[in-house]
Amino acid sequence: MPISTTVNGQKVSLDVDPDTPLLWVLRDDLKLTGTKFGCGAALCGACTVHLDGEAVRSCQTQARDVEGREITTIEGASDNLAKAVQAAWIKLDVVQCGYCQPGQIMSAIGLLSQIPKPSDEDIDKAMDGNVCRCATYQRIRAAIHEAADSI
Amino acid sequence: MQARRRTTAWFPFLMAAAAAIAGFFLQPIAAGRLSIRPALAGPTDGNLFTPIAKVLRDPRCMNCHPVGNRPRQGDDRHFHLQNVTRGADDMGFVNLRCPACHRDENNAYSRVPGAPNWHLAPLSMGWEGLNDAQLCTVLKDQSKNGGRDVAALVEHMSSDKLVLWGWNPGGARKPVSTPHNEFVDQLHAWQTAGAPCPATTP
């Protein structure tokens, strides 16, 4: 039976194995390749998307989990908060190789949506699940503060 | 004289009945189980809690009953990766909420464990470092255990799906060493005896 869900504001019907990781539904079936595969084991955060407004690891979320729910990927992150985060990322030139950055940005939006003025400790706690092999952590932290100040 | 003879005649039967009753209560229930019937366990028989404490101290239980704000994981009880913390509702801080990674069942592919309502026990139910007597007292304290009386505690440990996960942890994790049916028997024996707590650490 098809799975009905909403992705970036669009209702979609998914005819996939219910056990399929959401990550592969997004990338292979919906061609939303901004969300990255990193580890497949909830260890790196590269596949972070929002499910009903909360950050989740799409490699662990299964297709059957998203019935009737709302998914936002990096492609659909376009509200004022998302724009502020993206602007801060560009202003501070956060990105190096960029592979982890869709997940980093989705987590940054997730943090700022719940804690508009996060402390360094808040940022460290909320972003610890997103790994960056280029070690851009200091710029990520600065960009989150920059986005918070600009909102 | 006649009355004395009648009593004497009944004596062997009375002795046999007494022996049968004693034998019933003192016989071992089954191999590997308690060798004393709950009916004989007095309200001060805190030893009944000893095998229960062993289960509660198993990494599968204790990892999510910390005394601080950081859950642990693994048989070696290291801190949860990604510096996961308790959060305001015992389900993790922003972005690292329990359901962000843990589903309602174990993930056979990634080996991330899962069970319904995956979450940390409240801080009031932190068990690390407690001796048997303290553990028993905290367990029964309704101001700390979510308002559960002994029957509700036994029910929780007998059938709650998150508790039962400890016997089906998936991946390379060791299940709780005491079989669950034996644990339930131990709980019932303890409950029947009035849920006694040990006086001191064994």
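Before any of the text, the structure's been laid out above.
Residues numbered from 1 in each chain as written. Chains lettered and ligands numbered in written order. Predicted model: local features only at pLDDT ≥ 70, side-chain atom pairs only at ≥ 80, totals over all residues.

Engineer: Please clarify how the overall build of chain A should be interpreted in this entry.
Structural biologist: In terms of regular secondary structure, chain A is built from 5 helices and 5 strands. When the helices and strands of chain A are listed from N to C terminus, the series reads β-β-α-β-β-β-α-α-α-α. Over its C-alpha trace chain A gives a radius of gyration of 15 Å, about what one expects of a compact globule, namely 15 Å for 151 residues. Overall, chain A is about 45 × 30 × 25 Å in size when its C-alpha atoms are taken along their principal axes. Burial status across chain A gives 45% buried among its 151 residues. When contacts within chain A are restricted to residue pairs at least 6 apart in sequence, those whose partners lie at least 24 apart make up 64%. (Helix = DSSP H or I, 4+ residues; strand = E, 2+ residues; numbered from the N terminus. Rg over C-alpha atoms; globule rule 2.2 N^0.38 Å. Buried ≥ 20, exposed ≤ 12 C-beta atoms within 10 Å, placed from the backbone. Contact = placed C-beta atoms within 7 Å.)

Engineer: Even after reading the chapter, I still don't get the packing of helix α2 (residues 80–91) of chain A against helix α5 (residues 137–150) of chain A, so can you show me in this structure?
Structural biologist: Helices that pack against each other are described as a pair by the angle of their axes relative to one another and the distance between those axes. Residue and element names in this part refer to chain A. At a closest axis distance of 8 Å, the pairing of α2 and α5 adopts a crossing angle of 130°. It follows from the interaxial angle that α2 and α5 lie oblique. Considering only the axes of α2 and α5, their crossing is right-handed. Contact residues: α2 offers A84, V85, A87, A88, W89 and K91, while α5 offers A143, E146, A147 and S150. Along the lines of polarity and charge, the residues of the contact of α2 with α5 split into 7 nonpolar, 1 polar and 2 charged. (Axes fitted to C-alpha atoms, helices over the stretch in contact; angles between N-to-C directions. Parallel < 35°, antiparallel > 145°, perpendicular 65-115°, else oblique. Left-handed = near helix turned anticlockwise from the far one by under 90°. Nonpolar A, V, L, I, M, F, W, Y, C, P; charged D, E, K, R; others polar.)

Engineer: I would appreciate a short explanation of the interface of chain A and chain B in the present structure.
Structural biologist: Frequently, the measure chosen for interface size is the accessible area that the parts lose on association. Counting residues at the interface gives 22 residues for chain A, matched by 15 residues for chain B. The residue inventory of the side of chain A that touches chain B, partitioned by class, reads 10 nonpolar, 7 polar and 5 charged.

Engineer: For this particular structure, what's the right way to read helix α1 (residues 22–29) of chain A?
Structural biologist: For an α-helix the count is 3.6 residues per turn, leaving residues at separations of three or four pointing the same way. Residue and element names in this part refer to chain A. What α1 keeps buried is the set L22, L23, V25 and L26. Those residues of α1 that are buried lie in contact with β2 (10–14). One or two positions beyond α1, positive phi appears at K31, with a value near 60°.

Engineer: It is not clear to me how the packing of α2(A) against helix α3 (residues 101–114) of chain A should be interpreted in this structure. Could you clarify?
Structural biologist: All names here are of chain A. Where α2 meets α3, the closest approach of the two axes is 10 Å, and the angle between their N-to-C directions is 125°. One finds that α2 runs oblique with respect to α3. In the crossing of α2 with α3, the sense of the turn from one axis to the other is right-handed. On the side of α2, the interface is formed by L81, A82, V85, Q86 and W89, while α3 contributes I105, A108, I109, L112 and S113. Here the residues of the contact of α2 with α3 sort into 8 nonpolar, 2 polar and no charged.

Engineer: I tried to follow the pairing of strand β4 (residues 54–57) of chain A on my own but got confused; where do I start?
Structural biologist: Regular strands place their side chains on alternate faces of the sheet. Residue and element names in this part refer to chain A. Note: strand β3 (residues 48–51) against β4, 4 bridges, orientation antiparallel. Within β4, the residue paired with H50 across the bridge is A55. Hairpin remark: β3 followed by β4, antiparallel, with 2 residues in the connecting loop; positive phi at D52, about 50°. (Pairing = 2+ DSSP bridges.)

Engineer: Just checking my understanding: could you explain the nonpolar core for this structure?
Structural biologist: One broad trend across soluble globular proteins is that nonpolar side chains are buried collectively. All names here are of chain A. Counting 49 residues, the largest nonpolar core has V85 and I144 as the members making the most contacts within it. Per-element tally for this core: the top contributor is α3, with 6 residues. Beyond its immediate chain neighbours, meaning those up to four positions away, V85 contacts I105, A108, I109, L112 and A147. (Core = buried A, V, L, I, M, F, W, Y, C linked by C-beta atoms within 7 Å.)

Engineer: Help me out: how do you make sense of unusual backbone geometry in this one?
Structural biologist: Residue and element names in this part refer to chain A. Residues other than glycine seldom take positive phi values, yet D52 does so here, at roughly 50°. In this structure, D52 sits in the loop between β3 and β4. With phi around 60°, A135 is a residue other than glycine that occupies positive phi space. Note on A135: 10 C-beta atoms within 10 Å, which makes it exposed.

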